[in-house]
Amino acid sequence: SELAGVAFVISLRRLHNLDHSMATPLDQLLEMGFSREKAEKALDASGNKGAETAMEWLLSHPDDAESGHVLGQTGIEGSGVEVGGAVGGDQQQENLQALSIKCDECGKQLRSEREAQTHATRTGHSQFSESVEEIKPLTEEEKKEQQRKVRDLIKQKREERIEREKKEEQQREKARRKGGKELVEARRKIELQEAQKRAQEKKREQQEEAIARQRVKEQIARDKAERQSKAKERQAAEFNSTASTQQARQVSMGSTAQKQYTECRLQIRLTDGSALRSTFKPTDTIQTVLDYVATNRTDSSGAFALTTYPGRKDYGPADAMVTLKDAGLVPSSVLIVKKT
């Protein structure tokens, strides 16, 4: 019996060292004071739907007998554990059977080893001993009081569960709203980034178009300047050639007897590079030529003068009455229109 008692104490200490954070519905029922057999029977009868459902079944079946190991019936008697010499030592005490188990730390009498295990789990006590004292069965009043306590416990557990579910629902709702806000914010940021990207691409395209237009303008300006330069070079070459011819003719005229000319051929260069060609009489005046140019010019309008070459002789209104012969323009000459 001493070895059985030592093994029982060791089993209680192991049970005490279990992690209570992972308590099953069976453990919860045991902690509430129900025997293991009743707890298992209630869980099986209620479809293993939890401790609360099992407690409600226990309340609705208060008279169901427990077939567990109760000391004085099948518990200690069935195990063959006796008080033996530990109680007193005489022959009469050795023949006595243990009828209950006593908690040496708080003095509570327990009917069976299962109740002792439940008590150890609930209180953390680990010192127990066998006792020959028989625990009287519960009276009707005690049964009703126990049932009332169980009902109150069920009600408390239900209220705690409802409150816990309510808080969990609130937490889920908060998480859902937070997730919705984060999703909206993420979408807004993506849309903003896309808008900024489109604006940057449009700005880049506009800059590229502006650069391309500027390049075209610069190319057009270069082409225009090149054409003007070539036109000036061509005019200068033609003028030099005509001037040389005119000078040669004048020299020839001076070396021979004065030759009588009946006409004067003039080539008149306008400001846009085009030319007017006409034949005049040697006795026509500069004013006749000015009137001819004013009437037939196609470049522009406005005041102008005629010049034989830049820096040489200019003919304007002051020379209106000078004849072409006296001006030295016979038999042919090139004149250039110059704006005044």
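### Topic: the overall build of the chain
The number of helices and strands found in the chain is nine helices and eight strands. By residue count, 26% of the 340 residues in the chain fall in the buried class. Partitioning the intrachain contacts of the chain with sequence separation of at least 6 by distance along the chain shows that 64% fall at a separation of at least 24. Carbon and sulfur atoms make up 49% of the accessible area of the chain, which totals about 23200 Å².

### Things to note about the packing of aromatic side chains
All chains considered together, the criterion is met by one aromatic pair. Here Phe280 and Tyr292 contribute two aromatic rings whose centre-to-centre distance is 5.5 Å and whose plane-to-plane angle is 85°, an arrangement assigned as edge-to-face. On the criterion of sequence distance, the pair formed by Phe280 in strand 5 (residues 275-280) and Tyr292 in helix 9 (residues 286-296) is long-range, its members being twelve residues apart. Both residues of the pair, Phe280 and Tyr292, count as buried. The ring of Phe304 carries Arg297 above its face, with NZ or CZ at 5.1 Å from the centroid.

### Section: the pairing of strand 6 (residues 304-307)
Burial along strand 6 is two-sided: the residues Phe304 and Leu306 and Ala305 and Thr307 are all buried. With two bridges joining them, strand 6 and strand 7 (residues 314-315) adopt antiparallel strand pairing. Pairing of Thr307 across the sheet is with Asp314, part of strand 7.

### Let's talk about the environment of Arg222
Turning to its location among the elements, Arg222 is positioned in helix 8 (residues 140-255). At 2.5 Å, the side chain of Arg222 forms a polar contact with the side chain of Gln219.

### Quick notes on the sheet that holds strand 6
Spatially, 5-4-8-6-7 is the arrangement adopted by the five strands of the open sheet, whose pairing is mixed. Whereas interior strands pair on both sides, the edge strands pair on one side only; in this sheet they are strand 5 and strand 7. Of the strand pairs in this sheet, strand 4 (residues 264-269) and strand 8 (residues 332-339) are connected by five bridges, and their pairing is parallel. Opposite Arg269, over in strand 8, you have Ile336 as the bridge partner. Sheet strands in contact with helix 9 are strand 4, strand 5, strand 6, strand 7 and strand 8, and its direction is about 140° off that of strand 5.

### Here's the deal with the confidence of the model for the chain
Here the chain averages 77 in pLDDT, and 76% of its residues register 70 or above. Looking across the chain, the model is least confident in helix 5 (residues 75-79), with a mean pLDDT of 36, and most confident in strand 5, with 93. Confidence over residues 1-21 falls short of pLDDT 50; this stretch has 22 contacts with residues more than four positions distant or in other chains. Scored below 50 in pLDDT, residues 65-94 makes 50 contacts in the model with residues more than four places away or belonging to other chains.

### Some details on helix 4 (residues 51-60)
Of all ten residues in helix 4, seven are buried; the element is thus mostly enclosed. Inspection of helix 4 places Ala51, Glu52, Ala54, Met55, Trp57, Leu58 and Leu59 among the buried residues, and these make up the whole buried set.

Procedures and definitions
- Residues numbered from 1 in each chain as written.
- Predicted model: local features only at pLDDT ≥ 70, side-chain atom pairs only at ≥ 80, totals over all residues.
- Heavy atoms only, no water.
- Helix = DSSP H or I, 4+ residues; strand = E, 2+ residues; numbered from the N terminus.
- Buried < 20%, exposed > 50% of the residue type's maximum accessible area, 1.4 Å probe, protein only.
- Contact = heavy atoms within 4.5 Å.
- Areas by Shrake-Rupley, 256 points an atom, 1.4 Å probe, with all protein chains shown as cover.
- Phe/Tyr/Trp six-rings, centres within 6.5 Å; stacked < 30°, edge-to-face > 60°.
- Lys NZ or Arg CZ within 6 Å of the ring centre and 35° of its normal.
- Pairing = 2+ DSSP bridges.
- Polar contact = N/O pair within 3.5 Å; in protein donor to acceptor, adjacent residues only side chain to side chain.
- Axes fitted to C-alpha atoms, helices over the stretch in contact; angles between N-to-C directions.
- pLDDT = per-residue confidence, 0-100.

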